[in-house]
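Letter by letter, the chains look like this.
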Amino acid sequence: MKLATATGTVNGRPILSDAEIKNVLDGIGENIITDKQFSKVLERLISTEPGYPGLTQRELLRVRDVVFNETNAPVSYPFLWDIAQSDYVQWNGIAHNYGPGPLGRNAGEVIGVFGTLDWTSYKPKLPSLSAFLTNEKNKNEVINFKSSIDITNLHRLESHLKTLKSPEWPQEILGEIDQEKATRGQLIYARYCQSCHEVVDRNNWDRLIVADMSSIDLIKTDEAMAENGVQYSGKSGNFKHTVQSVDSTGKVIIEENAPVAQILTSATKGVIATPDPDKMFIRRWLDLLYILVMSLTENDIPNTIKNGNYKPDTMSNPYDSLLAYKGRSLNGIWATAPYLHNGSVPTLYDLLLPKKQPDDPESGEYRPDRFMVGSRAFDPVKVGFRSEGYNGTPFTTSRRGDKNTGHEYGAGRTPQKNGETLRALTESQRWDLIEYLKTL
Ligand code: HEC
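The present account deals with the structure reproduced in this document. Note that the structure is predicted; figures quoted are calculated from it, not measured.

Reading the values: rules and limits
Residues numbered from 1 in each chain as written. Predicted model: local features only at pLDDT ≥ 70, side-chain atom pairs only at ≥ 80, totals over all residues. Heavy atoms only, no water. Helix = DSSP H or I, 4+ residues; strand = E, 2+ residues; numbered from the N terminus. Contact = heavy atoms within 4.5 Å. Near = heavy atom within 4 Å. Polar contact = N/O pair within 3.5 Å; in protein donor to acceptor, adjacent residues only side chain to side chain. Nonpolar A, V, L, I, M, F, W, Y, C, P; charged D, E, K, R; others polar. Donors = N, O, S within 2.8 Å, 3.2 Å for Na, K, Ca; no water. Tetrahedral: all angles 85-135°; square planar, octahedral: opposite > 155°, others 65-115°. Buried < 20%, exposed > 50% of the residue type's maximum accessible area, 1.4 Å probe, protein only. Pairing = 2+ DSSP bridges. Axes fitted to C-alpha atoms, helices over the stretch in contact; angles between N-to-C directions. Phe/Tyr/Trp six-rings, centres within 6.5 Å; stacked < 30°, edge-to-face > 60°. Lys NZ or Arg CZ within 6 Å of the ring centre and 35° of its normal. Parallel < 35°, antiparallel > 145°, perpendicular 65-115°, else oblique. Core = buried A, V, L, I, M, F, W, Y, C linked by side-chain atoms within 4.5 Å.

Examining the environment of glycine 93
Logical step 1: Structurally, glycine 93 can be placed in the loop between strand S3 (88-89) and strand S4 (95-96).
Logical step 2: Sequence-wise, glycine 93 and leucine 351 are 258 residues apart; in three dimensions their C-alpha atoms are separated by 22 Å.
Logical step 3: Those residues in contact with glycine 93, other than ones at most four positions away along the chain, are Tyr88, Met213, Lys306 and Leu322.

As structure tokens, then:
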């Protein structure tokens with residue numbers, strides 16, 4: 001839809017007319033907008049000079065919402081131990097970890113958290129590695145991919161990650177583990193949990209953490225994050241009509257409006273293949289070469305398809321497999337509240353309870369629909385951070401993006417992988433299972 005139509009009207013007056021848009025975008029690059037040009041666009045949008053729209057703050061926000069994808073599905077920081085040993089990472093399993101995968105993931109993450117992309121286009125005289133990797137070969141102009149992303153340091157950080165292992169429950173501080181209860185809990189775990197959450201020895205340096213995906217239709221936890229990853233799209237700029245390989249389905253042509261997953265993939269490839277402009281010429285190429293070679297040779301993660309119960313990608317829906325969340329080994333899980341990808345459940349005990357549905361009796365035990373976050377005080381009983389009785393930031397679970405539904409395996413509501421729904425755990429079984437989870 002055209003921008004003028006999409007932004008609509010305020011008090012019967014269009015926010016932006018076609019003529020105003022033309023003035024605002026006068027002299028601005030068609031495929032690549034530099035930082036400076038972006039500031040100019042903003043200045044012109046609020047300018048009250050004749051011919052410019054003179055937007056108020058509110059109208060500007062409205063334009064923002066039309067142009068940009070809304071950031072409405074915040075996720076909980078995942079723990080970093082076992083990441084370097086995992087076959088797939090990210091809550092929706094979007095990033096594989098073989099070959100240069102970690103480098104791409106780290107560069108992509110920095111782009112996501114405000115790394116600057118100071119891109120301009122130029123007419124290449126010599127073949128360029130980044131233009132080759134992003135398939136810009138046939139373009140008249142290519143992107144220079146200059147950015148603030150420091151590939152050398154990202155590679156160092158990734159090497160550090162490999163040395164991490166999960167923390168053990170400190171019995172001297174948080175209390176002794178009751179071995180009898182834990183042993184009973186282990187049996188429950190084997191039946192109710194282990195098919196998706198493998199038990200892995202934290203001290204094994206050769207460990208491989210295999211992700212186990214569950215489609216959102218089955219697990220029914222909040223869908224927003226997974227859906228955004230597949231449905232959000234944007235202007236592809238200079239990547240328009242370049243060719244990209246998609247893991248399991250073959251090649252796609254990037255269109256003018258393209259899924260963000262495609263744009264981010266090309267952006268990261270270009271950034272990784274671009275030497276650091278702040279370094280001397282020879283050093284910048286040697287460093288880059290070293291890192292690319294190391295990331296290919298140092299990495300033992302095999303190149304495999306994802307495990308689990310999820311919809312496969314198809315020709316017409318090449319990203320269906322991303323409508324799923326990742327289950328993985330629960331080592332050190334005691335230390336990582338709040339739980340689920342969106343941090344919507346404050347403690348392990350609460351995760352074993354059902355989400356209250358409208359026809360459930362008032363008297364039952366349910367997951368809290370509202371709790372406090374921000375405390376660093378640990379709750380060693382329910383296992384999580386203290387989530388009530390202090391003045392923190394309230395977390396409510398009603399909004400899409402923050403819902404605490406699904407993953408009710410302990411509450412007799414979510415079927416296991418084989419389709420069977422196991423009986424809800426009793427209160428004493430829940431406490432046995434918690435005791436075992438402390439030992440992981
Ligand atoms: C059919 C697969 C499956 C079964 C069975 C299963 N889980 Fe999960 N689990 C998952 C998936 C997938 C996620 C990620 C869901 C999300 O974040 O939306 C998850 C998330 C979790 C988390 C949160 C992890 C985090 O970092 O916040 C915990 C804790 C957990 N599961 C414990 C359990 C326990 C305990 C059981 C048994 C009572 C169990 N799970 C049974 C698939 C499963």
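Moving on from the coordinates now.
A look at the site of the ligand
Logical step 1: The local shell around the ligand holds 24 residues, among which Cys193, Cys196, His197, His341 and His407 are the closest.
Logical step 2: Histidine 197 is positioned such that a nitrogen or oxygen atom in its side chain is 2.8 Å from a nitrogen atom of the ligand.
Logical step 3: Contacts to the ligand include histidine 341, whose side-chain N or O atom sits 2.7 Å from an oxygen atom.
Logical step 4: Listing elements by their share of the shell around the ligand, those giving two or more residues are strand S13 (324-327), helix H14 (348-351) and helix H15 (427-438).
Logical step 5: Counted by class, the shell around the ligand contains 15 nonpolar, 7 polar and 2 charged residues.

Focus on the coordination of the iron atom of the ligand
Logical step 1: Surrounding the iron atom of the ligand are the protein donor atoms His197 (NE2) and His407 (NE2), which sit 2.0 Å from the metal.
Logical step 2: Considering all 6 donor atoms around the iron atom of the ligand, angles at the metal cover 87 to 179° and the coordination shape is octahedral. Taken together, the residues span a long stretch of sequence, with histidine 197 in the loop between helix H9 (179-192) and strand S7 (212-215) and histidine 407 in the loop between strand S17 (393-396) and H15 at a distance of 210 residues.
Logical step 3: On the basis of relative accessible area, histidine 197 is assigned to the buried category, the value being 14%.

Things to note about the sheet that holds S7
Paired through their backbone hydrogen bonds, the strands of a sheet run either parallel or antiparallel.
Logical step 1: Pairing in this open sheet of 3 strands is mixed, and the strands run S12-S7-S13 from one edge to the other. The two strands at the open ends of the sheet, each matched to only one other strand, are strand S12 (307-309) and S13. On average, each strand axis in the sheet is inclined to that of its neighbour by 25°, with strand direction left out of account.
Logical step 2: Here S7 pairs with S13 via 4 bridges, running antiparallel. When the bridges of S13 are listed, aspartate 212 appears paired with glycine 327.

What to know about the packing of aromatic side chains
Logical step 1: Using the criterion set out here, one finds 12 aromatic pairs in the structure.
Logical step 2: Taking the centre distance of 5.5 Å and the plane angle of 75° together, the rings of tryptophan 169 and tryptophan 334 count as edge-to-face. Taken together, the positions of tryptophan 169 in the loop between helix H7 (151-161) and helix H8 (171-174) and tryptophan 334 in the loop between S13 and H14 put the pair 165 residues apart, joining distant regions of the chain. Across this residue pair, the class does not change: tryptophan 169 and tryptophan 334 are buried.
Logical step 3: With 5.2 Å between their ring centres and 20° between their planes, phenylalanine 371 and phenylalanine 395 make a pair best called stacked. Within this pair, whereas phenylalanine 371 is found in strand S14 (residues 370-373), its partner phenylalanine 395 is found in strand S17, the two being separated by 24 residues in sequence. Residue phenylalanine 371 shares its accessibility class with phenylalanine 395, and that shared class is buried.
Logical step 4: A network of ring pairs unites the aromatic residues Trp169, Trp334, Phe378 and Phe385 as a single cluster.
Logical step 5: It is lysine 356 that lies over the ring of tyrosine 366; its NZ or CZ is 5.9 Å from the centre.

Describing unusual backbone geometry
Logical step 1: Between alanine 337 and the following residue, proline 338, the backbone shows a cis peptide bond with an omega angle of -5°.
Logical step 2: Phi angles above zero are rare outside glycine, and phenylalanine 145 is one such case at about 60°.
Logical step 3: Here the phi dihedral of histidine 241 falls at roughly 65°; this positive angle occurs in a residue that is not glycine.
Logical step 4: Classification of histidine 241 as exposed rests on a relative accessible area of 54%.

A word on the packing of H9 against H15
Logical step 1: Two elements in contact, H9 and H15, have axes whose closest approach is 7 Å; the angle formed by their N-to-C orientations is 95°. By the criterion of interaxial angle, the relationship of H9 to H15 is roughly perpendicular. Contacts between H9 and H15 involve Lys181, Ala182, Arg184, Gly185, Gln186, Ile188 and Tyr189 from the first element and Gln429, Trp431, Asp432, Leu433, Glu435, Tyr436 and Leu437 from the second.

Looking at the nonpolar core
Logical step 1: Tyr189, Tyr339, Leu348, Val383, Leu433, Ile434 and Leu437 are the most contacted members of the largest nonpolar core, which totals 30 residues.
Logical step 2: Elements that contribute at least two residues to this core include exactly H9, H14 and H15.
Logical step 3: With residues up to four places along the chain from it excluded, the contact list for leucine 348 reads Ile333, Trp334, Tyr339, Lys382, Val383, Ile434 and Leu437.
Logical step 4: Listed in part, the 17 residues of the second largest apolar core include Ile111, Trp119, Phe145 and Ile254.

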